[in-house]
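Given next are the chains, with one letter for each unit.
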Amino acid sequence: MEQIDHKKIGIGLIVGGIVVLVIWGGFKFVSFQKNVAVSLTQSEAAPLATPTPDSNAKLIRAQEITNALIKGQTTGQAQGFPDTKGMLVERRQLLETLLDERNPNVLSLVLPATVRSKLPADQQAEVEKPITLTATINTIHVDDFENKKGSFKYELVSGKTRYAYYQIGGDQPILSSSTVKVSGYQLGSKVFSSTDKTALKLVTQATTPPALGPQKILVVLLNYQDSPAVPYTVEQAKTYVFEEQVKQFYDEASYGQMSWVGDVAPKWYTIPKPSRNQYGSCEFPQFIPDNPADDDVYKLIKNDVDVTRYGGIVMMINMECMGGGSGTVGKTSMSIGETIYPMSMAWVGTATQYFNQQLRHPFPWRYLSFVLSHELGHNLGVVHANSWICTSGNMYGTCDHNEYGDPFDVMGSGWYSLHFNSYFKDIFGWTTGRSKTIQTSGTYTLNPLESGTGTISARILNPKLPNGTFYSLEYRQGVGFDASLSATPQSVNQNGIIVNWIPKDYSPSVRLLDLNASSTNTLAYAL
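What you are looking at is a predicted structure, and each value in this text was computed from that prediction instead of being measured.

A.B. asks: Explain the overall build of the chain here, please?
C.D. replies: Regarding its fold elements, the chain presents 10 helices and 22 strands. Counting all 527 residues of the chain, 54% fall into the buried class.

A.B. asks: Looking at this structure, I do not really get helix α1 (residues 53-70). What am I missing?
C.D. replies: In an α-helix there are 3.6 residues to a turn, and that puts residues three or four apart on one side. Helix length check: α1, at 18 residues, gives a terminal C-alpha distance of 25 Å against a target of 26 Å (1.5 Å per residue), a fit within 8%. When we look at burial in α1, the residues that qualify are Ser 55, Leu 59, Arg 61, Ala 62, Ile 65, Thr 66, Ala 68 and Leu 69. Structurally, α1 contributes buried residues whose contacts are with α2 (84-100) and α3 (113-117). Where α1 ends, the next residue or the one after it, Gly 72, has phi of about 85 degrees, a positive value.

A.B. asks: How should I be thinking about the nonpolar core in this particular structure?
C.D. replies: Across soluble globular proteins, you tend to see nonpolar side chains buried next to one another. Core analysis: the largest hydrophobic core is formed by 52 residues, its most contacted members being Leu 221, Phe 249, Tyr 250, Phe 420 and Trp 430. Of all elements in the fold, only β9 (213-224), α5 (234-242), α6 (245-253), β10 (258-271), β11 (312-318), β14 (339-349), α9 (367-379) and α10 (422-428) reach the threshold of two or more residues within this core. In terms of residue count, α9 provides more of this core than any other element does, six residues in total. Other than its neighbours up to four places away in sequence, Tyr 250 contacts Met 258, Trp 260, Ser 373, Leu 376, Gly 377, Leu 380, Phe 420 and Trp 430.

A.B. asks: What exactly am I supposed to notice about the layout of surface pockets here?
C.D. replies: Computed from the structure, the second largest pocket encloses a volume of approximately 350 Å³. Lining the second largest pocket we find 17 residues, and of these Phe 145, Lys 148, Tyr 404, Ser 413 and Trp 415 sit closest to its centre.

A.B. asks: What should I look at first to understand the environment of Gly 72 in this one?
C.D. replies: With respect to the helices and strands, Gly 72 occurs in the loop between α1 and α2. Exposure remark for Gly 72: the relative accessible area of 47% places this residue in the partly exposed category. Each C-alpha atom, one on Gly 72 and one on Lys 118, is 9.9 Å from the other, the two residues being 46 residues apart in sequence.

A.B. asks: Before we go on, may I ask you to explain the packing of aromatic side chains in this structure?
C.D. replies: For the coordinates displayed, the defined rule picks out 24 aromatic pairs. A centroid spacing of 5.7 Å and a plane angle of 55 degrees characterise the contact between Tyr 250 and Phe 420, whose relative ring orientation is tilted. One end of the pair, Tyr 250, is in helix α6; the other, Phe 420, is in the loop between β16 (399-402) and α10, and 170 residues separate them in sequence. Relative accessible area serves as the criterion here: at 0%, Tyr 250 is assigned to the buried category.

A.B. asks: Please clarify how the packing of α6 against α9 should be interpreted in this entry.
C.D. replies: Helix-helix packing is characterised by the crossing angle of the two axes and by the distance between the axes. At their nearest, the axes of α6 and α9 sit 9 Å apart, and the two run at 50 degrees to each other. In terms of axis orientation, α6 runs oblique to α9. Along this stretch, α6 crosses α9, giving a crossing that reads as right-handed. Judged by residue contacts, Gln 245, Val 246, Phe 249 and Tyr 250 of α6 engage Ser 369, Leu 372, Ser 373, Leu 376 and Gly 377 from α9. Each residue belonging to the contact of α6 with α9 can be placed in one class, and the counts come to five nonpolar, four polar and no charged.

A.B. asks: So what exactly am I meant to see when it comes to the pattern of salt bridges here?
C.D. replies: Oppositely charged side chains can pair when the atoms bearing their charge come close. A complete count under the given rule lists 17 salt bridges for this structure. In this structure, Lys 58 and Glu 101 form a salt bridge, with 2.6 Å as the shortest nitrogen-oxygen distance. With Lys 58 in helix α1 and Glu 101 in the loop between α2 and α3, this pair connects stretches of sequence that are 43 residues apart. For the salt bridge of Glu 155 with Arg 162, the shortest nitrogen-to-oxygen distance reads 2.8 Å. Since its relative accessible area comes to 21%, Glu 155 is described here as partly exposed. One network of salt bridges, with partners in common, ties together Asp 54, Lys 58 and Glu 101.

A.B. asks: What's the story with the sheet that holds strand β22 (residues 510-513) in this structure? I'm lost.
C.D. replies: The strands making up a sheet associate through backbone hydrogen bonding, with each pair oriented either parallel or antiparallel. Taken in spatial order, the seven strands of this open sheet run β16-β15-β22-β21-β20-β19-β17, and their pairing is mixed. Edge strands, defined here as strands with exactly one partner in the open sheet, are β16 and β17 (435-438). Ignoring strand direction, the axes of neighbouring strands in this sheet form an average angle of 30 degrees. In this structure, strand β19 (residues 457-460) lies alongside strand β20 (residues 470-474), joined through three bridges in antiparallel fashion. Opposite Arg 459, over in β20, you have Ser 472 as the bridge partner.

A.B. asks: How do you make sense of the environment of Leu 109 when you look at a structure like this?
C.D. replies: Note that Leu 109 resides in the loop between α2 and α3. Counting along the chain gives 43 residues from Leu 109 to Thr 66, while the straight-line C-alpha distance between them is 6.5 Å. The residues contacting Leu 109, other than those within four sequence positions of it, are Leu 59, Ala 62, Gln 63, Thr 66, Arg 91, Leu 95, Leu 98 and Glu 128.

A.B. asks: Before we go on, may I ask you to explain unusual backbone geometry in this structure?
C.D. replies: For the bond running from Thr 488 to Pro 489, omega is 5 degrees, close enough to zero to count as cis. If you trace the backbone, Pro 489 turns up in the loop between β20 and β21 (498-502). Phi at Arg 102 takes a positive value of approximately 60 degrees, unusual for a residue other than glycine. Position of Arg 102 relative to the elements: it lies in the loop between α2 and α3. Of note, the phi angle at Tyr 255 is positive, near 60 degrees, even though the residue is not glycine.

Cut-offs used in this document
Residues numbered from 1 in each chain as written. Predicted model: local features only at pLDDT ≥ 70, side-chain atom pairs only at ≥ 80, totals over all residues. Heavy atoms only, no water. Helix = DSSP H or I, 4+ residues; strand = E, 2+ residues; numbered from the N terminus. Buried < 20%, exposed > 50% of the residue type's maximum accessible area, 1.4 Å probe, protein only. Expected span 1.5 Å × (residues − 1). Contact = heavy atoms within 4.5 Å. Core = buried A, V, L, I, M, F, W, Y, C linked by side-chain atoms within 4.5 Å. 1 Å grid on protein atoms, 1.4 Å probe; cavity = no way out; pocket = protein on both sides within 12 Å on 5 of 7 lines; lining within 4 Å. Points joined across faces, edges and corners; volume = space filled by probe spheres on them. Phe/Tyr/Trp six-rings, centres within 6.5 Å; stacked < 30°, edge-to-face > 60°. Axes fitted to C-alpha atoms, helices over the stretch in contact; angles between N-to-C directions. Parallel < 35°, antiparallel > 145°, perpendicular 65-115°, else oblique. Left-handed = near helix turned anticlockwise from the far one by under 90°. Nonpolar A, V, L, I, M, F, W, Y, C, P; charged D, E, K, R; others polar. Salt bridge = Lys/Arg side-chain N within 4 Å of Asp/Glu carboxyl O. Pairing = 2+ DSSP bridges.

So, in structure tokens, the structure goes:
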């Protein structure tokens, strides 16, 4: 086969029976094909976290009590309790903790209906009971950048009743404001179920409108009782969010088609409790206007600002234990008074060390700039830019999901460039008229993703690809907020096409494919 200089030509792909040649830079075509056929399935999901020894010890203790109840040992004497109520209280506390720890074996603890029915009415309140409900789901993506772990928090809203919802055995990150039917178990204000099709059904999928034009948000500055000195003033926060790095990044990434606008609430507000709860975990400020008992934030700001004027709330929290952030995946359905408002929410840790830390880019880009831009990306309705790493070959053999594994994307690690991948830009409506869907063999031309001109996004669709998945193509250059891409050794990715596998999922996510797995340059992903 003829040797090809990728700097001058392009790449050939054979995917699902489609032969594709992608050319960039306007150079003359030289016939070339390279087989990068892919065999990926929806079942290859992100691995579940392994329970800690402490979590498993709690599971064992909860199982002991559950077994005692099942065997009719309800006096509790064998377990060291004076009565059954004491056993049930401890068991409930263990179950609630195991749910919070996402222990995958919680469902094994569910009491049979015959045992539950024999308990007195006041004791039945301490145990789980079957529940089937149709509700609106709200999804929050919790980001732990330091440990490269992303997790989800879910909430079910039925009328004015809210439940913390736990998906056991895996995650189905359904877009916020979708309607679901859940068949599982209720324990107080918590609901849990498996994620198989009989337990969790999508009734109505929420849609994410294009992210075009001004997106109006309210920034709320929050302290706890033990917070350090505030890292910036209200005016500095306004300049930072609405005028500097984050604004400039979204202006460039959207080709001037969207912007973040809005206000900062008029002062720093203090939540009257410590930043860590009784178990030592970092607090998570609650914005729940229709539930004053659990709300932390709305009660503090409601007399100073009309939150219904905004499409999103960004809570910037001055606390040492929150170095990452969280964001709703899309807009939640927020009840304020008698009206439901579509509203996104983001939580961002803003202690001094995070505010001032400059990341490894040749332009001003603080750690806080990255976190805020990332969480706002979740608010626009996308999940993560991950990667798919195989021990042998490009896409076969033993392969692993790598959370935040795309180093070229603000929704991944953003280590070597920052622009959203082309598929996410398609979702946001930023590539309208500049995106190509490839369904037949042929020759196609891609312009740099950063340029915003001509065809900058392409996807390969074919009914032979598994489960409706497809592949998204882009060509990058080291300019603007992607300037770090021009430095070695990652500069090699300017000489080829970057390919993302798009899993068929409830919320948009991508997996970057390493098409140069055999290269000695571990940062060479492009083909």
